[in-house]
Amino acid sequence: MPDLPKKKVGIVACSGEEMAEGTVTRLAALRVLEQLRPNETVTICLPLFLAGGEGDRAFARFYPTIALDGCDKRCAARGTEMYSGKPAAGIVVTDVIQTNHLGTARRLSDAGKQAVDVVADQVAQQVDELLGVQWDRKQGQPSKEAQPAKESEAKIATCSCGSGIPIQKVQVDGQEVTLIALPLIFAQFRDAGKLPGDGTTAELMQTVKVYNPIPDGQEAAYTQAVMREYAAFYQEKN
Amino acid sequence: MTRKVVIVPCSGIGKSYGTVAREGAYVVTEDLRPDTTQLIPLSLLVLGDEQARADVASAQAITLDGCKLACATKMVVESGGTVAHDLAVLDVYRRHRDLKPAGIAKLNEGGQKLAQALAEEVVTLVDALSPNPSPNPQGAARGRGGPEGGQDA
């Protein structure tokens, strides 16, 4: 059965090439992605929000996202909000680290490397908060009562570029709208044996609304469109 | 005053080739042609930063892309700039198959040498674009594998 990756947090780093703080964001993001929370986090390159496709731009609407910025220009936070979705949280390195001796963008000093550790720990903490995970600091792992789903351990960070978030365009009241994750949701419902019809409508729409805000007053039209598309999907796949 | 050639590397965070692009840009702008080149951060172009857009729009750009999505090239065009040359790290790797990059936060030796090879290709293009190429601070052909290459954090 296809899984909707609900339990992941997106990390978007500014990676600013001209300043040490940008490098701190990049390395802190990688530390979280590769070592601290490899099974709970995903990333995407910031420029893909403009250079990529609709699936890439859906990133922050699909994953609760932490924007990691090097300076108060907040390129990652503002860029993510402008082109994808409002980040769930944000960290600005210059707010966290009160030193100007981080080294250069190309070569961090020891203080810069320590800054990476500090920022990465903060990001990991925010990941846990967003996932509702209680972290057992003595054991260095999620506490037993809130153990997240086990997955294979990642060693190397991989970005979501190119793969994007599955989307589907549907006609709602004569207007074309893009619904995020709809193909995955449909596949999940079909595989669970849920037939198109009244018995499935409420649950299906509840899942659709996790990823797609429905404008006020248009719920009925959206429901009609989604159920029409699900019926077509179900018929085609069976 | 002669405009500097702007170097815009991909800021890819999920692939070694992105780090090679970033490192290659540093080799060009800090070591080999600091007087005739200027590095422009891609994140500023994404945000539409006025100064970054003006810098890109008023100069010749060389973009260094880490994957086929070519974010750097697309962003320069989007920002009103002129892409004089677009280099794909993968193409450079095809010309140097012995230099297989690995690692993102910290490039392996192959990745560092590939960044150097990329930088040397860029320098040739920069010199062709610059009416009066500056003296060569460290030499464009000092051999593969400079001392730099990725962070060790």
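Predicted, not measured: the structure shown is a model, and the values here were computed from it. (Residues numbered from 1 in each chain as written. Chains lettered and ligands numbered in written order. Predicted model: local features only at pLDDT ≥ 70, side-chain atom pairs only at ≥ 80, totals over all residues.)

Draft legend 1. Geometry of the overall build of chain B. Along its length, chain B carries 6 helices and 4 strands. Looking at chain B as a whole, 59% of its 153 residues are labelled buried. Sequence-distant contacts in chain B: of pairs separated by 6 or more residues, those separated by 24 or more amount to 68%. (Helix = DSSP H or I, 4+ residues; strand = E, 2+ residues; numbered from the N terminus. Buried ≥ 20, exposed ≤ 12 C-beta atoms within 10 Å, placed from the backbone. Contact = placed C-beta atoms within 7 Å.)

Draft legend 2. View of the overall build of chain A. For chain A, the helix and strand inventory stands at 10 helices and 8 strands. For chain A, the proportion of its 238 residues judged to be buried stands at 44%. A fraction of 66% describes how many contacts in chain A between residues 6 or more apart in sequence connect residues 24 or more apart.

Draft legend 3. Fine view of the sheet that holds strand E1 (residues 5-9) of chain B. All names here are of chain B. Taken together, 4 strands build an open sheet; the order of strands is E2-E1-E3-E4 and the sheet is parallel. In this open sheet, the two edge strands, each paired with only one partner strand, are strand E2 (37-39) and strand E4 (82-88). Averaged over all neighbouring strand pairs, the angle between strand axes comes to 25°, with direction disregarded. Where E1 lies against strand E3 (residues 60-65), 4 bridges are found, and the strand directions are parallel. In the sheet register, Val8 faces E3, and the bridge partner there is Thr63. Where helix H4 (residues 71-78) meets the sheet, it contacts E1, E3 and E4, and its direction lies at approximately 150° from that of E3. (Pairing = 2+ DSSP bridges. Axes fitted to C-alpha atoms, helices over the stretch in contact; angles between N-to-C directions.)

Draft legend 4. Representation of the interface of chain A and chain B in the model. Each side of the interface is counted separately: chain A has 36 residues, and chain B has 28 residues. Those elements that provide at least two residues to the side of chain A that touches chain B are helix H1 (20-36), helix H2 (48-51), helix H5 (75-83) and helix H7 (110-131) of chain A. The greatest single-element share of the side of chain A that touches chain B, amounting to 6 residues, is contributed by H1(A). Residue composition of the side of chain A that touches chain B, grouped by class: 20 nonpolar, 9 polar and 7 charged. (Nonpolar A, V, L, I, M, F, W, Y, C, P; charged D, E, K, R; others polar.)

Draft legend 5. Quick peek at unusual backbone geometry. A positive phi angle is found at Asp173(A), which is not glycine, with a value near 50°. For Ala70(B), which is not glycine, the phi dihedral falls at a positive 50°. As for its placement among the helices and strands, Ala70(B) is situated in the loop between E3 and H4. Judged by the 19 C-beta atoms lying within 10 Å of it, Ala70(B) is partly exposed.

Draft legend 6. Representation of the confidence of the model for chain B in the model. Residues and elements named next belong to chain B. Residues with a pLDDT of 70 or more make up 84% of chain B, whose mean pLDDT is 88. For the stretch residues 141-149, pLDDT sits under 50, and the model shows 20 contacts to residues farther than four places along the chain or on other chains. ipTM for the predicted complex: 0.86, alongside a pTM of 0.79. (pLDDT = per-residue confidence, 0-100.)

Draft legend 7. Structural view of the confidence of the model for chain A. Averaged over chain A, the pLDDT score is 85; the fraction of residues at 70 or greater is 84%. pLDDT under 50 marks residues 148-152 of chain A. Its contacts with residues more than four places away, or in other chains, come to 7 contacts.

Draft legend 8. Here's a closer look at the nonpolar core. In terms of nonpolar packing, the biggest core is built from 113 residues, with Ile11(A), Ala28(A), Val32(A), Leu68(A), Val123(A) and Leu118(B) touching the most fellow members. Ranked by the residues each element gives to this core, the list is headed by H1(A), at 9 residues. Here this core gathers at least three residues from each of two domains, domain 1 (9-146) and domain 2 (167-237) of chain A. (Core = buried A, V, L, I, M, F, W, Y, C linked by C-beta atoms within 7 Å. Domains from an automatic or database assignment.)

Draft legend 9. Seen up close, the domain arrangement of chain A. All names here are of chain A. Parsing chain A into structural domains produces domain 1 (9-146) and domain 2 (167-237). When each unit is reduced to the centre of its C-alpha atoms, the spacing between domain 1 and domain 2 is 32 Å. The interface of domain 1 with domain 2 comprises 5 residues on the first partner and 5 residues on the second. Mapped onto the side of domain 1 that touches domain 2, the elements with two or more residues apiece are helix H3 (54-57) and helix H4 (59-62).

Draft legend 10. Expanded view of the environment of Val5(B). All names here are of chain B. By the element assignment, Val5 lies in strand E1. You can call Val5 buried: it has 24 C-beta atoms within 10 Å. Residues Val5 and Leu39, 34 residues apart in the sequence, show an inter-C-alpha distance of 8.7 Å. Look past the residues within four positions of Val5 in its chain and what remains in contact with it is Thr36, Thr37, Ala59, Gln60, Ile62, Val126, Leu129 and Ser130.

Draft legend 11. How the structure looks around helix H6 (residues 109-129) of chain B. Taking 1.5 Å as the rise per residue, H6(B) with 21 residues should run 30 Å; its terminal C-alpha atoms sit 30 Å apart, in good agreement. Burial analysis of H6(B) places 15 of its 21 residues in the buried class, the great majority of the element. (Expected span 1.5 Å × (residues − 1).)

Draft legend 12. Inspection of the sheet that holds strand E2 (residues 41-43) of chain A at higher detail. Residues and elements named next belong to chain A. Ordered in space as E2-E1-E3-E4, the 4 strands form an open sheet in which the pairing is parallel. This sheet does not close on itself; its edge strands, each paired only once, are E2 and strand E4 (89-92). Pairs of neighbouring strands in the sheet enclose a mean axial angle of 25°, with direction left out of account. As defined by bridge partners, strand E1 (residues 9-13) adjoins strand E3 (residues 65-69) across 4 bridges and the pair is classed as parallel. Each residue of the ladder has a partner; that of Ile11, found in E3, is Ile66. Where H5 meets the sheet, its contacts fall on E1, E3 and E4, and the angle it forms with E3 comes to roughly 140°.

Draft legend 13. Summary view of the pairing of E1(A). All names here are of chain A. Buried residues dominate E1, accounting for 5 of its 5 residues. In this structure, E1 lies alongside E2, joined through 3 bridges in parallel fashion. Along E2, the bridge assignment pairs Gly10 with Val42. The parallel pair E1 and E2 is bridged by H1, and the resulting crossover is right-handed. (Right-handed = clockwise from strand over helix to strand, strands pointing away.)

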